[in-house]
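In case you want the letters, here they are:
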Amino acid sequence: MSSWQLLSAEIMQWQQPLQFWWRDDDAVADTPALQKMLKLAQDYSIAVHLAVIPAALETSLNTLKSAANKPYSYVLQHGFDHNSYALPEQRKIELGGTQDCQLLLQKLQRGNHLLAAVFDRQYLNILVPPWNRIADDLALLLPDNGYRKLSILGTAKQRDQDFQLNVHIDIINWKQRAFAGEAAVLDKIIAHLRDKRLNLDSASIKPCGLMTHHLDHDPQCWHFLQKFFTFCQQHPQIEWLSGQDLFDN
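Residues numbered from 1 in each chain as written. Predicted model: local features only at pLDDT ≥ 70, side-chain atom pairs only at ≥ 80, totals over all residues. Heavy atoms only, no water.

Visitor: How should I be thinking about the overall build of the protein in this particular structure?
Guide: For the protein, the count of helices and strands is 6 helices and 10 strands. Taken against the 2.2 N^0.38 rule, which gives 18 Å for 249 residues, the C-alpha radius of gyration of the protein at 18 Å falls within 12% of a compact globule. Its C-alpha atoms put the protein at 50 × 40 × 35 Å along the principal axes. Among the 249 residues that make up the protein, the fraction classed as buried is 52%. (Helix = DSSP H or I, 4+ residues; strand = E, 2+ residues; numbered from the N terminus. Rg over C-alpha atoms; globule rule 2.2 N^0.38 Å. Buried < 20%, exposed > 50% of the residue type's maximum accessible area, 1.4 Å probe, protein only.)

Visitor: I keep staring at the layout of surface pockets and nothing clicks. Help me out?
Guide: Over the atoms, a rolling probe the size of a water molecule traces out where space has been left empty. Roughly 1,000 Å³ of volume is contained in the largest pocket. Taken together, 37 residues make up the lining of the largest pocket; nearest its centre are Pro130, Trp131, Asn132, Arg133 and Leu153. Mapped by element, the contributors of at least two residues to the lining of the largest pocket are strand 1 (18-27) and helix 4 (136-141). Broken down by class, the residue content of the lining of the largest pocket amounts to 15 nonpolar, 10 polar and 12 charged. (1 Å grid on protein atoms, 1.4 Å probe; cavity = no way out; pocket = protein on both sides within 12 Å on 5 of 7 lines; lining within 4 Å. Points joined across faces, edges and corners; volume = space filled by probe spheres on them. Nonpolar A, V, L, I, M, F, W, Y, C, P; charged D, E, K, R; others polar.)

Visitor: Is there a simple way to think about helix 3 (residues 101-119) in this case?
Guide: Residues three or four positions apart in an α-helix share a direction because the helix packs 3.6 residues into each turn. Across its 19 residues, helix 3 extends 26 Å between first and last C-alpha, which sits within 8% of the 27 Å expected from 1.5 Å per residue. Residues Cys101, Leu104, Leu105, Lys107, Leu108, Gln109, Gly111, Asn112, Leu115 and Phe119 constitute the buried set of helix 3. Where helix 3 is buried, its residues contact strand 2 (48-52), strand 3 (73-77), strand 4 (123-127) and helix 4. Where helix 3 begins, the side chain of Asp100 points an oxygen toward the backbone nitrogen of Gln102, at a separation of 2.9 Å. Asp120 sits one or two positions beyond helix 3 and adopts a positive phi of about 50°. (Expected span 1.5 Å × (residues − 1). Contact = heavy atoms within 4.5 Å. Polar contact = N/O pair within 3.5 Å; in protein donor to acceptor, adjacent residues only side chain to side chain.)

Visitor: Whenever I open this one, the packing of helix 1 (residues 3-12) against helix 6 (residues 219-233) confuses me. Can you help?
Guide: At a minimum axis distance of 12 Å, the contact between helix 1 and helix 6 shows a crossing angle of 35°. Where helix 1 crosses over helix 6, the two elements pack in a sense that is right-handed. The segment helix 1 lies against helix 6, with Trp4, Leu7, Ser8 and Ile11 engaging Phe224, Lys227, Phe228 and Phe231. For the contact of helix 1 with helix 6, the residue count by class is 6 nonpolar, 1 polar and 1 charged. (Axes fitted to C-alpha atoms, helices over the stretch in contact; angles between N-to-C directions. Left-handed = near helix turned anticlockwise from the far one by under 90°.)

Visitor: Teacher, can you tell me more about the side chain of Asn166 here?
Guide: Here Asn166 is to be found in the loop between strand 5 (149-150) and strand 6 (169-170). Reaching out from Asn166, the side chain makes a polar contact with the backbone nitrogen of Ile152 at a distance of 3.0 Å. Once residues within four sequence positions are removed from consideration, Asn166 is found in contact with Trp21, Leu150, Ser151, Ile152, Gly154, Asp160, Pro207 and Gly209.

Visitor: Can you walk me through unusual backbone geometry in this structure?
Guide: Glycine aside, residues mostly have negative phi angles, and peptide bonds mostly take the trans form. Located in the positive-phi region is Ser45, a residue other than glycine, with phi close to 55°. Considering the arrangement of structural elements, one finds Ser45 in the loop between helix 2 (32-44) and strand 2.

Structural data, given as structure tokens:
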């Protein structure tokens, strides 16, 4: 059986709606790649949730507020400046490392207010840490500072927590900075769905998160997204969440 057939077989075993959501990172301006992504969202009626870097925001990103784009695009907060403040032994991290928690909170609040002012109801109080990394002590302070969800890259070893709305499927191989490959991505989706189905706990009801980076897509990334979204249209039990519905998970 092909990977597409195996994914169909997994979907058919679900007795309830199978929920997905789409997060795209590093948005700051209107670009041809952004327009290509927004066209996909419109064509398939699937909302894309853009993690926007507040300190790098350009006025051209106001294209999200057009009548055509507004129903299918939402804005999340992607840290503040997307710079790394890692300690010598750490991997890249903005929300941690050498930065003090209170200083970080002040910067995050500035970014939060900016995005809310520009995008109004399209903005959702969901924090997406650059590189999907955040210091544990800072993460604990987020609910009391206005954030309703934290979104990182979930792993098979760690269950999504109640406050988290994670992504799980990365379509890019970052070592090669290229599409990870159709079979590899589909196998990851199948494994994630099977794990959710067989482990009926609080994490199992959370949607499966698709993560993309429109500025880093090669032609194979775009081709896969079109093929995957077409596949999803053929399975009525697949439900794509958007906007305020994300807060119910």
